[in-house]
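Structural features, examined
Chain residues, written in single-letter form:
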Amino acid sequence: MDAIRNELKKIRLKYNKLGSKKRFSKLKIKNATIISNNCWGGIVSQYLGMEYYTPTVGLYFFANEYIKFLKRFKYYIKQEIKVIDARESKYYTELIEKGHEKSLIGKLDDVEIVFLHYHSKEEIIEKWNRRVKRINWDYIIFKFCDQNLCTDNDIYDFDKLNFKNKICFTTKKYPNCKSVITFENQKNKPEVERDYYVSHKYLDIIKYINSLEKESWCDND
């Protein structure tokens, strides 16, 4: 079954890249950074033919960890990344339930990140550090969704963050949250599924990137 899933994933990624050069040519901002709580940023970058101007590729955060990370983004992004075994994670029980107990965990101070698609400590450290240096501090999209133990308070906290470009995908409506985009076709699900392949139904990402506001810069502490 895992082999079939891996092959289907390869096929999806191959088709995801078709037409990427044409899409890239339509971008006015060609080096925007996408900070994402899951694989969305990396797959969108591939879809647009963009280089990874972000370290949040091939990984995911549990919701509380991500909000903590964003609340002190400039602090955490400057921390040395350390790698631990999943057994040392505070989320080990949840990782077992997800079948991710063999994943490596990155730590930025007290923030944990699940490096789902990495094979070694060395790979994590090398790619994270290399991609952190590429961050475009003028134009950053902060993206969130209601996965991985996300609560209503996490959604509200994300919406309050003092960033200019925020997107949050949910299955529930949050009328008072300006950053929320509700997946109407998943409204009966507890959390969004495969947002990287569904979000195009609700968001014109090229139009969104071309209309990004330049960051001030701000502190959220």
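Note: the structure precedes this text.
These numbers come from a predicted model, not from an experiment.

1. Notes on the sheet that holds strand S7 (residues 180-182)
- Pairing is parallel across the open sheet formed by 4 strands, whose spatial order is S1-S5-S6-S7. Looking along the sheet, the strands with just one partner apiece sit at the ends: strand S1 (33-36) and S7. Taken pair by pair, the neighbouring strands of this sheet meet at an average axis angle of 25°, ignoring direction.
- Of the pairings in the sheet, the one linking strand S6 (residues 166-170) to S7 comprises 3 bridges and is parallel in character. By the bridge assignment for S7, Cys168 is matched with Val180.
- Strand contacts of helix H4 (residues 63-71): S1 and strand S5 (140-145), with the helix running at about 155° to S5, the strand carrying the most contacts.
- Packing of helix H8 (residues 152-160) onto the sheet brings it into contact with S5, S6 and S7, and relative to S6 it is tilted by some 160°.

2. What about the side chain of Glu215?
- On the secondary structure map, Glu215 appears in the segment after helix H10 (205-210).
- With sequence-adjacent residues up to four places away left out, Glu215 is seen in contact with Trp137, Asp138, Asn162, Phe163 and Lys164.

3. As for the sheet that holds strand S4 (residues 111-115)
- With antiparallel pairing, 3 strands are arranged side by side in an open sheet as S2-S3-S4. Each end of this open sheet is capped by a strand with a single partner; those strands are strand S2 (81-85) and S4. Averaged over all adjacent pairs, the angle separating strand axes in this sheet is 35°, with direction ignored.
- Against the sheet, helix H7 (residues 121-132) touches S2, strand S3 (104-108) and S4, its axis set at about 155° to S2.

4. Structural notes on the packing of H4 against H8
- Packing of H4 against H8 leaves a shortest axis separation of 10 Å and a crossing angle of 20°. Overall, the two elements H4 and H8 adopt an arrangement that is roughly parallel. Like other packed secondary-structure pairs, H4 and H8 cross with a definite hand, here left-handed. Residues Ala63, Asn64, Ile67, Leu70 and Lys71 of H4 form the contact with H8, whose participating residues are Asp154, Asp157 and Phe158.
- Within the contact of H4 with H8, the residues separate by chemical class into 4 nonpolar, 1 polar and 3 charged.

5. Describing the layout of surface pockets
- Of the voids in this model, the second largest pocket is the one considered here, and its volume is about 240 Å³.
- Around the second largest pocket sit 14 residues that line it, and Tyr47, Tyr196, Ser199, His200 and Ile205 are the ones nearest its centre.
- Among the elements that make up the lining of the second largest pocket, the one with the highest residue count is helix H3 (residues 40-48) (4 residues).
- Split by residue class, the lining of the second largest pocket holds 10 nonpolar, 3 polar and 1 charged.

The rules behind these values
Residues numbered from 1 in each chain as written. Predicted model: local features only at pLDDT ≥ 70, side-chain atom pairs only at ≥ 80, totals over all residues. Heavy atoms only, no water. Pairing = 2+ DSSP bridges. Helix = DSSP H or I, 4+ residues; strand = E, 2+ residues; numbered from the N terminus. Axes fitted to C-alpha atoms, helices over the stretch in contact; angles between N-to-C directions. Contact = heavy atoms within 4.5 Å. Parallel < 35°, antiparallel > 145°, perpendicular 65-115°, else oblique. Left-handed = near helix turned anticlockwise from the far one by under 90°. Nonpolar A, V, L, I, M, F, W, Y, C, P; charged D, E, K, R; others polar. 1 Å grid on protein atoms, 1.4 Å probe; cavity = no way out; pocket = protein on both sides within 12 Å on 5 of 7 lines; lining within 4 Å. Points joined across faces, edges and corners; volume = space filled by probe spheres on them.

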